[in-house]
Amino acid sequence: MFLLIVTAAGLIGTVLCNDLKKRREEIENFLFGLRLIEGEITYAAPSLDLCFLRAGERMKGEMRSVFLHTAQLLKEQAIDGESAFHDALACGRENLALTKRDMEWMGRFGVQLGVTDLKNELKNFRYILRQGEEALKEAERNEKKWSKVIGAGGWLFGFAAALTVL
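Residues numbered from 1 in each chain as written. Predicted model: local features only at pLDDT ≥ 70, side-chain atom pairs only at ≥ 80, totals over all residues. Heavy atoms only, no water.

On to the environment of Met59. Residue placement: Met59 occurs in the loop between α2 (48-58) and α3 (61-77). Residue Met59 is classed as buried on the basis of its relative accessible area, which comes to 4%. Put simply, Met59 and Leu36 are 23 residues apart on the chain and 9.3 Å apart in space, counted from C-alpha to C-alpha. Ignoring anything within four residues of it in the chain, the contact list for Met59 reads Asn29, Phe30, Phe32, Gly33, Leu36, Arg64 and Phe67. (Helix = DSSP H or I, 4+ residues; strand = E, 2+ residues; numbered from the N terminus. Buried < 20%, exposed > 50% of the residue type's maximum accessible area, 1.4 Å probe, protein only. Contact = heavy atoms within 4.5 Å.)

And the structure:
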C-alpha cells in the first residue's frame, strides 16, 4: 500500500513535468513549421496546400499532424487557409499540450491566410513569429522553474500521504 501511494503520486508529478516539456516542444515545432511555410511562400510560391504539406513532412510532434491535416483540408475541400488551419488546430487540440492562450495566438496565424497579398501575409507571419517567440520563452521559463518542483513534489507528496495513511 505504501509503495502504491508513493508511486502513484510520483508518476502524476512525472506526467505533469512531461506536459511542460511537450508544450515547449509543440511551440518550437509550430514556429519551425511557420518558418518553413514562410520560405515556401516567399521563394517557391506553390499553392498553400503544398506549402503546408511540405512543412508538415519536415516537422515532428503533434503539430506535424495539424499542418498535414491543414494541407489535406485545403486540397480536398477547397476552403480558405483560415478555415482549414482553424479546423485542423481544433481537431488536434486534444493531443496538443498547449494552453488556451497558446491556441489563441496560434489561431491568429490562420486569419486571412491565402487571401491577402504576399506583403500582408509576410507581415502576419512576422507578427505571429514574435508572439510565438514570447510564448516559447514563457514555456521555457515554466519548464525550468516547475519541472523539478513538480517532479520532486509528486514523490514527496506521495511519501507524506503514505505516511499519513499508515
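With that out of the way, let us pick up helix α4 (residues 81-92). The terminal C-alpha atoms of α4 lie 16 Å apart, and with twelve residues this matches the ideal 16 Å at 1.5 Å per residue to within 8%. Within the sequence span of α4, burial applies to Gly81, Ala84, Phe85, Ala88, Leu89 and Gly92. In an axial view of α4, the angular spread of the buried residues amounts to 125°, which keeps them on one side of the axis. Away from its buried face by more than 90 degrees, α4 exposes Ala90 and Cys91. (Expected span 1.5 Å × (residues − 1). Arc of directions from axis to C-beta.)

On inspection of all chains with the given rule, the structure shows ten aromatic pairs. Note on Phe30 and Phe85: the rings are 6.2 Å apart at their centroids and 45° apart in plane angle, and the pair reads as tilted. Of this pair, Phe30 sits in helix α1 (residues 2-44) while Phe85 sits in helix α4, and the two are 55 residues apart along the sequence. You can call Phe30 buried: its relative accessible area is 0%. (Phe/Tyr/Trp six-rings, centres within 6.5 Å; stacked < 30°, edge-to-face > 60°.)

Mapped onto the elements, Arg141 comes out in helix α6 (residues 118-165). Arg141 gets classed as exposed once you look at its relative accessible area, which sits at 51%.

Let us look at the confidence of the model for the protein chain. Looking at the protein chain as a whole, the pLDDT averages 81, with 75% of positions reaching at least 70. Mean pLDDT in the protein chain bottoms out at α6, which sits at 75, and peaks at α3, which reaches 92. (pLDDT = per-residue confidence, 0-100.)

Residues Lys119, Lys123, Arg126 and Arg130 make up a contiguous surface patch of positive charge. Mapped onto the fold, Arg130 is located in helix α6. (Patch = residues over 30% accessible without salt bridge, like charges linked within 9 Å, V, L, I, M, F, W, Y side chains within 5 Å. Areas by Shrake-Rupley, 256 points an atom, 1.4 Å probe, with all protein chains shown as cover. Salt bridge = Lys/Arg side-chain N within 4 Å of Asp/Glu carboxyl O. Lys, Arg positive; Asp, Glu negative; His and termini not counted. Charge placed at Lys NZ, Arg CZ, Asp CG, Glu CD.)

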